[in-house]
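Letter by letter, the chains look like this.
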Amino acid sequence: MEQLKHLIRDIPDFPKPGILFKDITPLLRDGAALRHAAELLVAPFLQEAISAVAGMEARGFIFGSLAAASLGCGFVPLRKPGKLPYATHRETYDLEYGSADLELHVDALTPADRVLLVDDLIATGGTAAAACRLLTACGATLVACAFVIELQGLAGRAALPGRTVHALLRY
Ligand code: AMP
């Protein structure tokens, strides 16, 4: 874990003053570490019959796709408004810096699906909570939420009551 932590770069005051941005690009650049992180992310869920991984734009697409490949299932993108071409469900949420909307194709998941939600980082948990609402709007079973990084001081887990939350690197 310490090796992975060395590949997370702190960028102070990005994208706004007062935000300590966790830059994952050094981790993405290191092939062995990236594979290791992706394996650790899905390890608790290998026996959970996950049928789809859902990931949030944009960094959730990277780890979510790797997770889906590891689990041998498909990937469902949760996107910013106006990006998905078909009919969508939409949820609004608050970020550590601002607010935003997230969309999901209405037919992306069915009640038969068992879903793992993946993102690079959980801060306040607002993004993940909105994603959980989107996924359950389709009737899918949300098995767990998995993050590479958890900023524990922002208590994101409290925004996901009753959810299984897995995080690799805690700060
Ligand atoms: P939150 O909704 O507050 O849990 O914020 C999580 C989302 O915002 C994730 O998609 C992260 O990529 C991004 N994010 C929030 N805070 C940071 C941070 N300090 N460093 C990097 N990304 C962040």
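See above for the structure.
Residues numbered from 1 in each chain as written. Predicted model: local features only at pLDDT ≥ 70, side-chain atom pairs only at ≥ 80, totals over all residues. Heavy atoms only, no water.

1. Considering the packing of aromatic side chains
Condition: Any Phe, Tyr or Trp ring, taking Trp's six-membered ring, that has another such ring centre within 6.5 Å forms a pair; planes under 30 degrees apart are called stacked, those over 60 apart edge-to-face, and the others tilted. To sort residues, take the accessible area from a 1.4 Å probe on protein chains only and compare it with the maximum for the residue type: under 20% means buried, over 50% means exposed, and anything in between is partly exposed. Only DSSP runs of H or I covering at least 4 residues are called helices, and only runs of E covering at least 2 are called strands; the numbering of each starts at the N terminus. The rule is short: NZ of Lys or CZ of Arg within 6 Å of the ring centre and within 35 degrees of the ring normal puts a charge over the ring.
Summed over all chains, the structure comprises 2 aromatic pairs. Here the aromatic rings of Phe14 and Phe21 are separated by 5.1 Å at their centres, their planes lie at 85 degrees, and the arrangement is edge-to-face. Here Phe21 falls in the buried class, since its relative accessible area comes to 12%. Taking the centre distance of 5.8 Å and the plane angle of 80 degrees together, the rings of Phe61 and Phe75 count as edge-to-face. Note that Phe61 is positioned in helix 4 (residues 59-71) and Phe75 in strand 4 (residues 74-78), a separation of 14 residues in sequence. Its relative accessible area of 27% is what places Phe75 among the partly exposed residues. Here Lys5 stacks its cationic end above the ring of Tyr171, 4.5 Å away from the centre of that ring. When the ring centre of Tyr171 is taken as reference, the NZ or CZ atom of Lys22 above it lies at 3.8 Å.

2. A word on the pairing of strand 6 (residues 98-105)
Heads up, the rule is: Strands pair, by our definition, only if DSSP identifies at least two bridges between them.
Of all 8 residues that make up strand 6, 6 are buried, and the element is covered over most of its length. Note that strand 5 (residues 88-95) and strand 6 share 8 bridges and pair antiparallel. Within the sheet, the bridge partner assigned to Leu95 lies in strand 6 and is Gly98.

3. Focus on the pattern of salt bridges
Pairing between side chains of opposite charge can happen when their charged atoms approach one another. Quick note on the threshold: Each salt bridge in this description consists of a side-chain nitrogen of Lys or Arg and a carboxyl oxygen of Asp or Glu lying within 4 Å of one another.
What the rule picks out here adds up to 9 salt bridges. With a closest N to O distance of 2.7 Å, Asp23 and Arg9 form a salt bridge. With a gap of 14 residues between them, Asp23 in strand 2 (residues 20-23) and Arg9 in strand 1 (residues 9-12) connect regions that are remote in the sequence. A relative accessible area of 10% means that Asp23 is categorised as buried. The class of Arg9 is partly exposed, set by a relative accessible area of 44%. Across the salt bridge formed by Arg157 and Glu150, the nearest N and O atoms sit 2.8 Å from each other. Residues joined in a network through salt bridges with shared partners are Glu150, Arg157 and Arg170.

4. Side note on unusual backbone geometry
A cis amide bond, omega -5 degrees, links Phe14 with the succeeding residue Pro15. Here Pro15 is to be found in the loop between strand 1 and strand 2. Look at the link from Glu57 to Ala58: it is a cis peptide, with omega at -5 degrees. Looking at the element boundaries, Ala58 is found in the loop between strand 3 (52-56) and helix 4. In the Ramachandran plot, Ala49 falls in the positive-phi region, its phi being about 50 degrees despite a non-glycine side chain. With respect to the secondary-structure elements, Ala49 resides in the loop between helix 3 (31-42) and strand 3. Taking relative accessible area as the criterion, Ala49 reaches 56% and is therefore assigned exposed. Of note, Ala155 is a non-glycine position whose phi angle comes to about 55 degrees, a positive value.

5. A closer look at the environment of Gln47
Inspection of the secondary structure assignment puts Gln47 in the loop between helix 3 and strand 3. Taking C-alpha positions, Gln47 is 21 Å from Leu135, a pair spaced 88 residues apart along the chain.

Treat this as a map of the structure, not an account of what it does.
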